[in-house]
Amino acid sequence: MSPPVAPPGWSRWLVPPAALSVHLSIGQAYAWSVFKPPLESALGLSGTQSALPFQLGIVMLGLSAAFGGTLVERNGPRWAMTVALLCFSSGFLLSALGASLEQYWLIVLGYGFVGGIGLGIGYISPVSTLIKWFPDRPGMATGIAIMGFGGGALIASPWSAQMLESFGSGSSGIALAFLVHGLSYAVFMLLGVLLVRVPRNEKPVESGPSVLAGPQVSANQALRTPQFWFLWIVLCMNVTAGIGILEKAAPMITDFFADTSTPVSVTAAAGFVALLSAANMAGRIGWSSTSDLIGRKNIYRVYLGAGALMYALIALFGDSSKPLFVLCALVILSFYGGGFATVPAYLKDLFGTYQVGAIHGRLLTAWSTAGVLGPLIVNWIADRQEEAGRHGASLYGLSFVIMIGLLVVGFVANELVRPVDPRHHVPAPKEAAHGRRQQSESA
């Protein structure tokens, strides 16, 4: 499937909606916490066990983005979006079968493994194309698309909760909800497949990137730079801090205020998940656009430094004030989303646009790590605290202290980022031949 080239007069503003149709769909992953309590009740799972499909999905997101990044660059966004559609929707259909048969391993395989591949390929599918359409505002452009991934749960969370209420929260109701998700998202993602285009001046990879201005670094060479690994740490720490709340959002707010005079209902908890999704979405476009004005390093100082402060406020005062808990969580999730939307532009600033999509894919292995680390920290500690007879906010105190420490580590790593040494740049006259060699190595 060759990349579709935009006809003369094609508006670049048609490309972000194509990206949004895919990202809004795969962003359903952030609504997984709505399914956790029903699955735990129907299949007798612990909190750690019910997190497994989500964790595996995030692991596969990073791995498929890393290994598929070069293929996405080579085959173009339409190919990538098609692969994402098939994997993501198939994952839901397998999960529906697993829930119907009460075979949890099928849900893990479908939602986590197969659907996770769709997450990764779909996530990076429009990034390189958007940066090339919007070289003047890369932070804003990637923010618009990646905003959809953050906002997916804004739709999926209440929608899923309503389906579980209508179909029932037993295994058959969960199966039917998964089935509806899979079919609906297939139709919606198809809109992006049909609409996406690449710029007319975009050259195939085989022709070389010599038309690109400024220093350029290949994907393989980027892995040899300290800048890549500092950014890997920055992204991993920021994601771990955000995903720890996001994956367990619904049960967390319920636990925090269970012993107060104003407990949180199931419906209100689902609403909290939707609010977090809105903050995640708003942060992706708002903070990434701000990074075009104040710079990438400065905006990450905000994400990591202020994020640690928000966690400290929740740990100290969150259980005494519901508005404070919600506000701090919303700010943390806005930084979480902003970090995702800003990192492609950060990569573009450091490594150029030559193979920025492939470099971005490799960097997303940090997300895979964080996808295991964040939920594992929060769920494992909460399970152990519950076994020790604790309840309410005390289930999460230690987790929040750990998150503060991780954000400090990320802050230090961001301070160590410097411009890439020229020895790592691809010399302009030799870029075409080098590009072909890089492809053959990655194939």
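What counts and what doesn't
Residues numbered from 1 in each chain as written. Predicted model: local features only at pLDDT ≥ 70, side-chain atom pairs only at ≥ 80, totals over all residues. Heavy atoms only, no water. 1 Å grid on protein atoms, 1.4 Å probe; cavity = no way out; pocket = protein on both sides within 12 Å on 5 of 7 lines; lining within 4 Å. Points joined across faces, edges and corners; volume = space filled by probe spheres on them. Helix = DSSP H or I, 4+ residues; strand = E, 2+ residues; numbered from the N terminus. Nonpolar A, V, L, I, M, F, W, Y, C, P; charged D, E, K, R; others polar. Phe/Tyr/Trp six-rings, centres within 6.5 Å; stacked < 30°, edge-to-face > 60°. Lys NZ or Arg CZ within 6 Å of the ring centre and 35° of its normal. Expected span 1.5 Å × (residues − 1). Buried < 20%, exposed > 50% of the residue type's maximum accessible area, 1.4 Å probe, protein only. Salt bridge = Lys/Arg side-chain N within 4 Å of Asp/Glu carboxyl O. Axes fitted to C-alpha atoms, helices over the stretch in contact; angles between N-to-C directions. Parallel < 35°, antiparallel > 145°, perpendicular 65-115°, else oblique. Contact = heavy atoms within 4.5 Å. pLDDT = per-residue confidence, 0-100.

### Considerations on the layout of surface pockets
Right, so step 1: Approximately 450 Å³ is the volume found for the second largest pocket.
Right, so step 2: As for the second largest pocket, its lining consists of 21 residues, of which Val34, Pro37, Val266, Thr267 and Ala270 are closest to the centre.
Right, so step 3: Put simply, the parts of the chain that give the lining of the second largest pocket at least two residues each are helix 2 (36-43), helix 8 (138-167), helix 12 (249-256) and helix 13 (266-294).
Right, so step 4: Residue contributions to the lining of the second largest pocket peak at 5 residues, all from helix 8.
Right, so step 5: A breakdown of the residues in the lining of the second largest pocket according to their chemical character gives 12 nonpolar, 5 polar and 4 charged.

### Regarding the packing of aromatic side chains
Given two aromatic rings, one states the distance between the centres and the angle between the planes to describe the pair.
Right, so step 1: All chains considered together, the criterion is met by 32 aromatic pairs.
Right, so step 2: Taken together, the ring pairs connect Trp32, Phe35, Phe88, Phe92, Tyr111, Trp159, Phe178 and Tyr185 into an aromatic cluster.
Right, so step 3: Over the face of the ring belonging to Phe257 we find Lys322, whose NZ or CZ atom lies 5.4 Å from the ring centre.

### A few points about helix 11 (residues 226-246)
Right, so step 1: Taking 1.5 Å per residue, 21 residues should reach 30 Å; helix 11 reaches 30 Å between its end C-alpha atoms and fits that length.
Right, so step 2: Counted residue by residue, helix 11 has 17 buried out of 21 residues, so it is predominantly covered.

### Here we look at the pattern of salt bridges
Pairing between side chains of opposite charge can happen when the charged atoms of each approach one another.
Right, so step 1: Within the structure shown, the criterion is met by 8 salt bridges.
Right, so step 2: In this structure, the salt-bridge partner of Asp136 is Arg137, at a minimum N-O distance of 3.7 Å.
Right, so step 3: Residue Asp136 is classed as partly exposed on the basis of its relative accessible area of 48%.
Right, so step 4: Classification of Arg137 as partly exposed rests on a relative accessible area of 33%.
Right, so step 5: Salt-bridge contacts for Arg423 lead to Asp421; the nearest nitrogen and oxygen are separated by 3.9 Å.
Right, so step 6: Taking the relative accessible area as the measure of exposure, Asp421 reaches 38% and is therefore partly exposed.
Right, so step 7: Ionic contacts of the salt-bridge type, sharing partners, join the residues Arg12, Asp136 and Arg137 into one network.

### Topic: the packing of helix 4 (residues 52-75) against helix 16 (residues 356-363)
Right, so step 1: Between helix 4 and helix 16, whose axes approach to 7 Å, the crossing angle comes to 170°. In this view, helix 4 runs roughly antiparallel relative to helix 16, as classed from their interaxial angle. Two secondary-structure elements touch here, helix 4 through Gly62, Ala65, Ala66, Gly69, Thr70 and Glu73 and helix 16 through Val356, Gly357, Ala358, Gly361 and Arg362.
Right, so step 2: Considering only residue class, the contact of helix 4 with helix 16 consists of 4 nonpolar, 5 polar and 2 charged.

### Points about unusual backbone geometry
Right, so step 1: Despite not being glycine, Glu102 has its phi angle at roughly 60°, a positive value.
Right, so step 2: Summarising the element assignment, Glu102 is placed in the loop between helix 5 (77-101) and helix 6 (104-124).

### Structural notes on the confidence of the model for the protein
Right, so step 1: With 92% of its residues at a pLDDT of 70 or more, the protein has an overall mean of 86.
Right, so step 2: Per-residue pLDDT stays below 50 along residues 429-436; that stretch engages in 13 contacts with residues further than four places along the chain or on separate chains.
Right, so step 3: Low pLDDT, under 50, characterises residues 438-443; the predicted model gives this stretch 13 contacts beyond four residues in sequence or across chains.

### Concerning the side chain of Ser25
Right, so step 1: Within the fold, Ser25 resides in helix 1 (residues 15-26).
Right, so step 2: Look past the residues within four positions of Ser25 in its chain and what remains in contact with it is Phe88, Tyr185, Phe188 and Met189.

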